[in-house]
Amino acid sequence: MGTLDQRHPRARAAGGHRELERGRECYARRAWAGAYRSFSRADHAVPLLVQDLERLAISAYLIGRDEEYLRALERTHHAYLDAGECPRAARCAFWLGFRLMFRGEMGPATGWLARARRLIEREPHDCVERGYLQLPLVQQQLRSGDWDAAYAAAGTAAEIGKRFAEADLIACALHLQGRALMRKGRVEEGLALLDEAMVAVTAGELSPLVTGLIYCSVIEACREHYALGRAREWTSALARWCDGQPELVAFTRRCPVHRSEIMQLQGDWQNAIEEAHRAIER
């Protein structure tokens with residue numbers, strides 16, 4: 001009995017390490033459901049490195065498991081804090097607040113964003129996370145109709161992104177500047193900035209999460225301003241991107257919605273109805 005008791009933890013740890021390697025391989029192949037399963041199993045058997053916790057969180061998001069995403073990202077935040085990596089902890093707090101903000105949970109969102117700002121204010125060195133923390137401010141200014149302030153704040157984020165060569169931040173900031181210009185009536189200038197941001201998206205230079213977010217935001221902006229040619233192009237590109245990741249759930253539900261809306265604007269009612277049914281099924 002004593003021998004079995006001693007062997008069991010070792011066997012469990014060995015199995016956990018195998019699942020961990022499998023999770024990393026799946027993540028690299030963008031097999032998100034497989035990555036989520038393997039990281040989750042490994043998490044029950046061995047302590048995960050903070051980078052693997054972060055991969056677990058992102059995999060959860062990309063297969064549509066939003067609550068698991070938030071829980072894993074909160075754990076990642078605390079793991080970075082424990083490791084003394086305050087900027088990375090702040091980045092996790094930013095993404096927690098950003099996601100909660102888009103879910104309409106403004107109290108928790110505000111709390112996480114405030115925590116991120118506090119962590120960065122205590123940081124003695126400049127860091128790229130200062131740029132990410134401009135983005136919720138830009139969103140707030142866009143909602144309130146302060147286009148000039150939104151454009152300026154997004155410009156600050158873009159400059160920080162360029163200084164740190166942070167492709168995700170640069171693309172987010174550029175496309176928000178474009179949206180601010182379009183709201184001001186400077187549609188062609190705004191579309192040019194959206195196109196610039198989309199170069200990084202279609203070239204595969206961005207993280208999966210930011211790629212999907214920018215696709216959806218750019219398509220929405222084009223639809224709002226009746227730039228239907230671009231809306232069709234980017235919707236088709238989004239569909240191809242989603243089709244290349246069969247286990248992806250996040251963003252795939254928006255594809256048929258976007259297609260249906262574009263078809264409605266063109267008067268293609270029958271196909272619009274069929275796409276709407278696809279969206280309902282998803």
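Residues numbered from 1 in each chain as written. Predicted model: local features only at pLDDT ≥ 70, side-chain atom pairs only at ≥ 80, totals over all residues. Heavy atoms only, no water.

**With respect to the nonpolar core**
Just so we agree on the cut-off: Nonpolar core, defined: a set of buried Ala, Val, Leu, Ile, Met, Phe, Trp, Tyr and Cys residues in which side-chain atoms within 4.5 Å join the residues together. Relative accessibility thresholds used throughout: buried, under 20% of the residue-type maximum; exposed, over 50%; partly exposed, between the two (1.4 Å probe, protein chains only). Numbering of helices and strands runs from the N terminus; a helix is a DSSP stretch of H or I covering at least four residues, while a strand is a stretch of E covering at least two. Contacts are assigned to residue pairs that have any heavy atoms within 4.5 Å of one another.
The biggest cluster of nonpolar side chains holds 88 residues, and the ones touching the most others in it are Tyr69, Phe94, Trp95, Leu135, Ile214 and Cys222. It is helix H5 (residues 86-102) that provides the largest number of residues to this core, a total of eleven residues. In contact with Tyr69, not counting residues within four places along its chain, are Ala57, Ile58, Ala60, Tyr61, Trp95, Arg99 and Leu209. Counting five residues, the second largest nonpolar core, distinct from the first, contains Ile170, Leu181, Leu193 and Ala197.

**As for the confidence of the model for the protein chain**
Residues shown with low pLDDT carry predicted positions that ought not to be read at fine detail. Convention followed: pLDDT measures the predictor's confidence residue by residue and takes values from 0 up to 100.
Looking at the protein chain, pLDDT values average 90 and 91% of them are 70 or higher. Note that pLDDT drops below 50 for residues 1-7; the model gives that stretch zero contacts with residues more than four away or on any other chain.

**Comments concerning the layout of surface pockets**
Convention followed: Buried and open spaces are told apart on a 1 Å grid over the protein atoms alone, a cavity being a set of points where a 1.4 Å probe fits but cannot get out and a pocket being an open set with protein on both sides within 12 Å along at least five of seven lines. Residues with an atom within 4 Å of a point are the lining residues. Grid points are joined across faces, edges and corners, and a volume is the space filled by probe spheres set on the points. Charged residues are taken to be Asp, Glu, Lys and Arg, nonpolar residues to be Ala, Val, Leu, Ile, Met, Phe, Trp, Tyr, Cys and Pro, and polar residues to be all remaining types, Gly included.
In this structure, the largest pocket encloses a volume near 800 Å³. If you list the elements that add at least two residues to the lining of the largest pocket, you get helix H4 (66-82), H5, helix H8 (134-144), helix H10 (167-183), helix H12 (208-224) and helix H14 (254-265). Looking at the lining of the largest pocket, the element that brings in the most residues is H12, giving six residues. Looking at the lining of the largest pocket residue by residue, the classes come out as 15 nonpolar, five polar and eight charged. One number sums up the size of the second largest pocket: a volume of about 340 Å³. Considering the residues around the second largest pocket, the lining is formed by 16 residues, among which Glu54, Ile58, Trp95, Asp168 and Ser207 are closest to the centre. When contributions to the lining of the second largest pocket are tallied by element, the ones reaching two or more residues are helix H3 (50-62), H4, H5 and H12.

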